[in-house]
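Structural overview
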Amino acid sequence: MFHLLLYALPLASSTYSETLYPEWGQWLENKETIYEEKTEHQDLIIFENPRFGRVLSLDGNIQTTTADEPIYHEMMVHVPLLHHANPTSILIIGGGDGGILREVLRHQTVQKAILVEIDGSVIERSQLYLPSLSNGAFSDPRASVVVDDGAKYVKETTEKFDVIICDSTDPVGPGKVLFTPEFYGDCKKLLKKDGIFVNQNGVPFLQKDELSLTLNNRQPHFKHVGFYVAPVPTYVGGFMAFGWASDKSYRTPKKVLQERMARVKGKMVYYTPDIHLSAFALPQFMLDEIEKR
Ligand code: SAM
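Residues numbered from 1 in each chain as written. Predicted model: local features only at pLDDT ≥ 70, side-chain atom pairs only at ≥ 80, totals over all residues. Heavy atoms only, no water.

Once that is clear, we can look at the site of the ligand. Gln42, Glu117, Gly150, Pro174 and Tyr235 are the nearest of the 25 residues found near the ligand. Taking glutamate 117, its side chain carries an N or O atom lying 2.5 Å from an oxygen atom of the ligand. For the ligand, a nitrogen atom lies 2.8 Å from a polar atom in the backbone of glycine 150. Protein contact buries 98% of the 600 Å² of open area that the ligand shows by itself. Of the pockets mapped on this structure, the ligand occupies the largest pocket. (Near = heavy atom within 4 Å. Polar contact = N/O pair within 3.5 Å; in protein donor to acceptor, adjacent residues only side chain to side chain. Areas by Shrake-Rupley, 256 points an atom, 1.4 Å probe, with all protein chains shown as cover. 1 Å grid on protein atoms, 1.4 Å probe; cavity = no way out; pocket = protein on both sides within 12 Å on 5 of 7 lines; lining within 4 Å. Sits in = over half its atoms within 2 Å of the grid points.)

Enumeration over the complete set of coordinates arrives at 16 aromatic pairs. Between tyrosine 228 and phenylalanine 242 the ring centres are 4.9 Å apart and the planes differ by 15°, which places this aromatic pair in the stacked class. Here tyrosine 228, found in strand β12 (residues 224–230), pairs with phenylalanine 242, found in strand β13 (residues 240–246); they are 14 residues apart in sequence, far enough to count as distant. Among the residues examined, tyrosine 228 registers a relative accessible area of 0% and is labelled buried. Relative to tyrosine 250, the ring of tryptophan 244 has its centre 6.4 Å away and its plane inclined at 80°; by these criteria the two rings are edge-to-face. The class of tryptophan 244 is buried, set by a relative accessible area of 1%. The class for tyrosine 250 is partly exposed, based on a relative accessible area of 24%. Through a chain of ring-to-ring contacts, three or more aromatic side chains come together here, namely Tyr72, Tyr228, Tyr235, Phe242, Trp244, Tyr250 and Phe280. Geometry around phenylalanine 222 places lysine 188 over its ring, the cationic atom sitting 5.4 Å from the centre. If you follow lysine 208 out to its NZ or CZ, it ends over the ring of phenylalanine 205, 5.8 Å from the centre. (Phe/Tyr/Trp six-rings, centres within 6.5 Å; stacked < 30°, edge-to-face > 60°. Helix = DSSP H or I, 4+ residues; strand = E, 2+ residues; numbered from the N terminus. Buried < 20%, exposed > 50% of the residue type's maximum accessible area, 1.4 Å probe, protein only. Lys NZ or Arg CZ within 6 Å of the ring centre and 35° of its normal.)

We now examine the nonpolar core. Judged by nonpolar contacts, the single largest core of 39 residues is most densely connected at Leu101, Val104, Ile165 and Tyr228. Contributing elements (two or more residues each) for this core: α2 (69–83), β7 (89–94), α3 (99–104), β8 (112–117), β10 (161–167), β11 (191–200), β12 and β13. Sorting elements by how many residues they give to this core places α2 first, with eight residues. Counting 29 residues, the second-largest nonpolar core is a separate cluster that includes Ile93, Ala151, Cys187 and Phe197. (Core = buried A, V, L, I, M, F, W, Y, C linked by side-chain atoms within 4.5 Å.)

Two orientations exist for strands paired in a sheet by backbone hydrogen bonds: parallel and antiparallel. One open sheet holds the four strands; their spatial order is β3-β4-β5-β6, and the pairing between them is antiparallel. Single-partner strands in this sheet number two, and they are β3 (32–38) and β6 (61–65). Neighbour-to-neighbour, the strand axes of this sheet turn through a mean angle of 20°, independent of strand direction. Sheet topology note: the β3/strand β4 (residues 43–49) ladder contains six bridges and is antiparallel. What sits directly across from glutamate 36, in β4, is isoleucine 45. (Pairing = 2+ DSSP bridges. Axes fitted to C-alpha atoms, helices over the stretch in contact; angles between N-to-C directions.)

Residue placement: glutamate 74 occurs in helix α2. Of the polar contacts made by the side chain of glutamate 74, one reaches the backbone nitrogen of valine 269; its length is 2.7 Å. In this view, glutamate 74 contacts Val79, Glu103, Arg106, Lys267, Met268, Val269, Tyr270 and Tyr271; residues no more than four positions away in its chain are not counted. (Contact = heavy atoms within 4.5 Å.)

What follows concerns helix α4 (residues 120–129). Turning to α4, its buried residues are Ser121, Val122, Ile123, Arg125 and Ser126. In this structure, the buried residues of α4 make contact with β3, β4, β5 (53–58), β8, α5 (131–134) and β9 (143–147). N-cap assignment for α4: the residue whose side-chain oxygen lies 3.0 Å from the backbone N of serine 121 is aspartate 119.

The structure is reproduced here in C-alpha cells:
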C-alpha cells in the first residue's frame, strides 16, 4: 500500500508547458529550474527533465535538449558541409547554444567559423549550464562570436563564406527578420561560388506556412531551393524541415559523401550518408505545398 501511495504522490517538481500552439502542445516535467532570465530579447529558461536532460527554452518554445540535440545539429551541419567540396569559411546566424558551432568545427577543412547571435545571454548561459552543447567550441581559435542581429550583420560584413547556417528561433520576435527576401538576398551576396545556405524551417506538418514563406523568399536569389527533413523528438508535430538554397543541385553521390566523412572528426549519433540522401525524399503533403505556391 505504502509503495502505491508513494508512486501516486505528485513529484515535488513542476511542469513546463510549451506555448507554440494554442490548441495543442507538449509538457515536460521540470525537475529543477537551473536558470531563468528575462534577457534583453527573450524569456530564457534552462531546466532539468529526467528523460531529455537539460532543456533550453526561449519565449516558451523548446530550443534544444541535451538528449536529442545531436540529431538536429548533425543534420543542419553535415548535410551542407559534406555536400560542399571544400568548406573552409562558415557563417552561423543564431545558434547561441553552441551546438551548430561544435559540429562545424569537427570538419578539418574549416578554417573560420563566425557565429552571429543577437542574445549574448544565450551564449553565456548555454556555456555555463549546457556545456555539452558547445563542448569547448567557443574557445576554438577558428571560432569568432559577434553579438548582433544577424540581419544587420549580413548587410554590413565584407566576409565571404562557403556555407551559411541560419539556426534561428521561429519567424516571430527577433527571428522574424531572418525569414525575409532581403535577408536571403544579403546572405546570397556573402556566399562564394557553389556556396550553400541552410535554415531551420519548422515542423511542416504543423507549420506549413513556413514552407511557402521561405521558398518564396529564397527563390529569387538561388537556382536550387528546397528542403530536407529529420525527426527531432522535442520539436513536436512530426519531422523537422531544413531549408536548402544553393546555385548547385543538392544531389551528392553516396560514394563522395562516404569519402568526405574522413574529414570529420569524432563519431556521429544520427547522420549517415544514406540518411543524408534519403532526407531529401519529401512526403506528398510537402510536395503539394511546394507545388501550389
Ligand atoms: N535549434 C533551435 C530551433 O530549431 O528552434 C534554435 C536554437 S538557437 C538557441 C536560436 C537562436 O536564434 C537564439 O539564441 C536566438 O537568440 C537567436 N536569434 C533570434 N533572432 C536572431 C537574430 N535576428 N539574429 C541573430 N540571432 C537571432
